[in-house]
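These are the residues of each chain, in order.
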Amino acid sequence: MPFDAPVVACLAQEIHRLLPVKIDKIYQPLKDEFLFSCYGGGEAFKLLISLNPQYARFHRCDEGKANPLQPSPFCMLLRKYFGGSKLTAVHAVPFERILKLAFEVYDPVEGLSQKYIWVEFTGKTANLVVTNEQNRIIDCWRRYFPKNNNDRDLTAGSIYELPPTGGRWRPVTVSAAEFAQLMAQVPADTGVEDFLLKHWYGLSAPSLREILHSAGLALKSRCSELTPEMTVALYRAFSDWAEMMAAGNYQPSGLYDSQGNLHDFMAFTPHYPVPGYTLRPLPSLNTAVALTIGSRHDAARFNETRNNLLRKIRHLIEKNAKKLEKQKQEAAAAEQSDHWRIMGELLTIYGYQIPKGATETRLVNHYDPEGNTLLIPLNPALSAQENAQVYFKKYQKAKKGQTAIAEQIAKTRETLEYLESLEAMAETGSTLEDLALIQEELEEKRDIQLKKKPGTKPGKADAPAKPRQFVTPSGHTLLVGRNNLQNDRLTFKTAGPNDWWFHTQKIPGSHVILKPLPGTEVDDETLNLACQLAVYYSKARHSTKVPVDYTQRKHVKKPPAAKPGFVIYDDFKTAIITPDPHLLKILGIEKEQA
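Values in this document were obtained by computation on a predicted structure and should not be read as measured data. (Residues numbered from 1 in each chain as written. Predicted model: local features only at pLDDT ≥ 70, side-chain atom pairs only at ≥ 80, totals over all residues. Heavy atoms only, no water.)

Concerning the overall build of the protein chain
1) Next: Across its full length, the protein chain carries 13 helices and 22 strands.
2) Next: Since a compact globule built from 594 residues should have a radius of gyration of about 25 Å, the 36 Å found for the protein chain marks it as more spread out than a globular shape.
3) Next: The buried share of the protein chain, taken over its 594 residues, is 45%.
4) Next: Relative to all contacts within the protein chain whose residues are 6 or more apart in sequence, the contacts with residues 24 or more apart total 60%.
5) Next: For the protein chain, the accessible area works out to roughly 32300 Å², and carbon and sulfur atoms hold 52% of it.
6) Next: When the 74 positive and 67 negative side-chain charges of the protein chain are each reduced to one mean point, those points stand 6 Å apart. (Helix = DSSP H or I, 4+ residues; strand = E, 2+ residues; numbered from the N terminus. Rg over C-alpha atoms; globule rule 2.2 N^0.38 Å. Buried < 20%, exposed > 50% of the residue type's maximum accessible area, 1.4 Å probe, protein only. Contact = heavy atoms within 4.5 Å. Areas by Shrake-Rupley, 256 points an atom, 1.4 Å probe, with all protein chains shown as cover. Lys, Arg positive; Asp, Glu negative; His and termini not counted. Charge placed at Lys NZ, Arg CZ, Asp CG, Glu CD.)

Regarding the pattern of salt bridges
1) Next: Under the definition given, this model contains 20 salt bridges.
2) Next: One salt bridge in this structure joins Lys65 and Glu33, with 3.7 Å as the shortest N-O distance. Within this pair, whereas Lys65 is found in the loop between β4 (57-61) and α2 (73-82), its partner Glu33 is found in strand β2 (residues 33-40), the two being separated by 32 residues in sequence.
3) Next: Given a relative accessible area of 22%, Lys65 falls into the partly exposed group.
4) Next: Asp298 is paired through a salt bridge with Lys65; the nearest N and O atoms lie 3.9 Å apart. Linking Asp298 in helix α7 (residues 285-334) with Lys65 in the loop between β4 and α2, this pair joins segments that are 233 residues apart in sequence.
5) Next: Residues joined by salt bridges that share partners form a network here, namely Glu33, Arg57, Lys65, Asp298 and Arg301. (Salt bridge = Lys/Arg side-chain N within 4 Å of Asp/Glu carboxyl O.)

Quick notes on the packing of α7 against helix α9 (residues 384-428)
1) Next: At a minimum axis distance of 9 Å, the contact between α7 and α9 shows a crossing angle of 160°. For the element pair α7 / α9, the angle class is roughly antiparallel. The handedness of the crossing between α7 and α9 comes out as left-handed.
2) Next: Tallied by class, the residues present in the contact of α7 with α9 amount to 16 nonpolar, six polar and nine charged. (Axes fitted to C-alpha atoms, helices over the stretch in contact; angles between N-to-C directions. Parallel < 35°, antiparallel > 145°, perpendicular 65-115°, else oblique. Left-handed = near helix turned anticlockwise from the far one by under 90°. Nonpolar A, V, L, I, M, F, W, Y, C, P; charged D, E, K, R; others polar.)

Remarks on helix α4 (residues 192-199)
1) Next: All buried positions along α4 are accounted for by Val192, Phe195, Leu196 and His199. For α4, the arc enclosing every buried residue in end-on projection is 95°, short of the 170-degree limit, so these residues lie on one face.
2) Next: Where the residues of α4 are buried, they touch α3 (176-185), α5 (205-214) and α6 (228-247). (Arc of directions from axis to C-beta.)

A word on the pairing of strand β9 (residues 137-140)
Every other side chain in a regular strand lies on the same face of the sheet, so the side chains alternate between the two faces.
1) Next: Across three bridges, the pairing between strand β8 (residues 127-131) and β9 is antiparallel. Among the inter-strand pairings, Val130 is bridged to a residue of β9, identified as Asp139.
2) Next: Turn length for the β8-β9 hairpin, with the two strands adjacent in sequence and antiparallel, is five residues, and the turn residue Asn135 shows positive phi of about 65°. (Pairing = 2+ DSSP bridges.)

Overview of the side chain of Ser221
1) Next: Relative to the helices and strands, Ser221 resides in the loop between α5 and α6.
2) Next: Taking relative accessible area as the criterion, Ser221 reaches 10% and is therefore assigned buried.

What about the layout of surface pockets?
1) Next: Reported here for the largest pocket is a volume of approximately 990 Å³.
2) Next: Lining the largest pocket are 33 residues, with Lys65, Ala66, Asp298, Arg301 and Leu432 positioned closest to its centre.
3) Next: Sorting the residues of the lining of the largest pocket by element identifies β1 (21-30), β4, α7 and α10 (432-446) as the ones contributing at least two each.
4) Next: Of the residues contributing to the lining of the largest pocket, the split by class is 12 nonpolar, 11 polar and 10 charged. (1 Å grid on protein atoms, 1.4 Å probe; cavity = no way out; pocket = protein on both sides within 12 Å on 5 of 7 lines; lining within 4 Å. Points joined across faces, edges and corners; volume = space filled by probe spheres on them.)

Points about the packing of helix α1 (residues 5-16) against α7
1) Next: Here α1 crosses α7 at 120°, and the two axes come no closer than 9 Å. Taken together, α1 and α7 sit at an angle that is classed as oblique. Each of Val7, Cys10, Leu11, Glu14 and Ile15 in α1 lies in contact with α7, whose residues at this interface are Leu285, Asn286 and Val289.
2) Next: Counted by class, the contact of α1 with α7 contains six nonpolar, one polar and one charged residues.

A closer look at the sheet that holds β8
1) Next: Taken together, the nine strands give an open sheet; going across it, the order is β4-β3-β2-β1-β5-β6-β7-β8-β9, and neighbouring strands pair in antiparallel fashion. Edge positions in the sheet fall to β4 and β9, since each has one partner strand and no second. Neighbour-to-neighbour, the strand axes of this sheet turn through a mean angle of 25°, independent of strand direction.
2) Next: Against the sheet, α1 touches β3 (43-50), β4, β5 (86-92) and β6 (98-107), its axis set at about 155° to β5.
3) Next: On top of the sheet, α2 reaches β1, β2, β6, β7 (111-120), β8 and β9; it is set at about 175° to β1, its chief contact.

What about the sheet that holds strand β10 (residues 253-256)?
Strand pairing in a sheet relies on backbone hydrogen bonds. The paired strands run either parallel or antiparallel.
1) Next: Across the sheet, three strands lie side by side as β11-β10-β12; this open sheet has antiparallel pairing. Both outer strands of the open sheet, β11 (262-266) and β12 (278-281), are each paired with one neighbouring strand and no more. The average undirected angle you get between the axes of adjacent strands in this sheet is 30°.
2) Next: Judged from the four bridges that link them, β10 and β11 form a sheet pairing that is antiparallel.

Describing the nonpolar core
1) Next: Grouped together as the largest cluster of nonpolar side chains are 77 residues, with contacts concentrated most on Leu128 and Leu234.
2) Next: Contacts of Leu128, omitting those with residues within four sequence positions, involve Phe34, Ile49, Leu51, Phe74, Leu78, Ile117, Trp118, Val119, Asp139, Cys140 and Trp141.
3) Next: Ranked by size, the runner-up nonpolar core spans 25 residues in total, among them Phe502, Leu529, Ala530 and Leu584. (Core = buried A, V, L, I, M, F, W, Y, C linked by side-chain atoms within 4.5 Å.)

Overview of the packing of aromatic side chains
1) Next: In the structure shown here, the tally under the stated rule is 21 aromatic pairs.
2) Next: Measuring from centroid to centroid gives 5.5 Å for Phe179 and Phe195, while their planes differ by 75°, and the two rings are edge-to-face. With a gap of 16 residues between them, Phe179 in helix α3 and Phe195 in helix α4 connect regions that are remote in the sequence. You'll find Phe179 and Phe195 in the same group, each marked buried.
3) Next: An angle of 50° between the planes, with centres 4.8 Å apart, marks the rings of Trp501 and Tyr569 as tilted. Pair noted here: Trp501 is in strand β17 (residues 500-504) and Tyr569 is in strand β21 (residues 568-569), with a separation of 68 residues, a long-range link.
4) Next: Taking the relative accessible area as the measure of exposure, Trp501 reaches 1% and is therefore buried. (Phe/Tyr/Trp six-rings, centres within 6.5 Å; stacked < 30°, edge-to-face > 60°.)

Brief notes about α1
1) Next: For α1, built from 12 residues, the straight-helix expectation of 16 Å at 1.5 Å per residue is met to within 8% by its first-to-last C-alpha distance of 16 Å.
2) Next: All of the buried residues in α1 are Ala5, Pro6, Val7, Val8, Ala9, Cys10, Leu11, Ala12, Glu14 and Ile15.
3) Next: You can read the cap of α1 off the contacts: a side-chain oxygen lies 3.1 Å from the backbone nitrogen of Val7, and it is on Asp4. (Expected span 1.5 Å × (residues − 1). Polar contact = N/O pair within 3.5 Å; in protein donor to acceptor, adjacent residues only side chain to side chain.)

Structure, rendered in structure tokens:
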């Protein structure tokens, strides 16, 4: 699915038909993504520009995106020059993945002027360049400083130049005879595709397949295998393709799989077969780009965000697991306190038998039913009674430590259970908003013991995020928490005393609240659906025969100082649930998130 020159030109054509439009606002949702809010022709829409190396694109976007609280300096520059301006033209540089956006900008000092944004979709070197009427660079998103005279200068004040083509030509600027002569000069094992790519720019895999198919050549044909007639046919097919692209005669088409899902798109209607897919014309290439590249970019962002979040949580789980193991070892050592007490008592009783300067002694242990002797190490610089006091002090310290270590072990286990619940939430999260809430909770709990700086005031709190909401066929409402903080709010603020509460038994997961429809009995199907949700949004999603406890909310309590999401409950029932995709589909859950 290459975002190639024909696609860029076709998109520019579609957007140009919507112009002129006024630019209301400019956002930068991601580091490499810009969103222009437009209004014109009686409708409002957004233009999205993504410079991501893998998911670069430009298309109309009707959905909003979350924006950072603090805009970047370059975003502020775009707002300064183009906020309130009029976008008058969008043109593609012929056979290049480069757009030129023309704006009418009003300045109180300069008056009405023209400014341009050049968008270069060139992979890792993708860029967005702002220039004035004289084509002088005002600023760039990615700045490059020339290291030698041959490098392109993208510093402020320099004249903007298109990226170098590497010595390749624009299609097609040679005659048929020159084309045949060039082909005769390349090595015999050179492929036709490599030959075209080496001498002309603006070509991509779909374009090359279309040219070779139109010329009647196989994809892996070599230049040495072509007869003069084949070379002429190749030149004609190449020229026809170039003339069609130069004239802007685009016919966007899409490839659909057997389920009717859009798999790929092109700016022209290909004549070569694509096994396993159905070719259909596209009414709008903008929509196709958003459905394919846009959706895949969103999915990649989601997976990356979730993996990073899970990595942090699992690191904390591993850290606390090691801490717990160390505490258990300390507890095991503390359990030897009675051994030290016995040593001290034996030294007190039989100290008169021990010679001065002894490094050890063996005394009869009258606490041993079999009357065995006990080897006691000694400090030769101390008397027997002083050595006894040393062991008594160890005994007292260990005895006090046992209580402290037991408390520490309990706290560490509680922390591990809490982190495992966060891990389950992250694994079952289905949107970036879900992950953001879990990340927020994680950061809040990690910083909870940090002292506040003097003089700081709490910022304005955002409105609480809404829980997941489902409606059963009987009309009852099911609410599912997105993180532990929301679990607490859902259970103890949203739910009424007679609402029903569901949770997997001793398994980390979300709280599920069933709010019955007034005047309607809660049937078994509704209870089963609530249990299905409790399993689906838990760590036991892929298990079978999962125990789910449920009770009325009035029987659920939160212990003092307990971590978010932790509750105790009584007067409950337990259902054994195996996840059923058909029941989940009733609630609108079509498939599991990747």
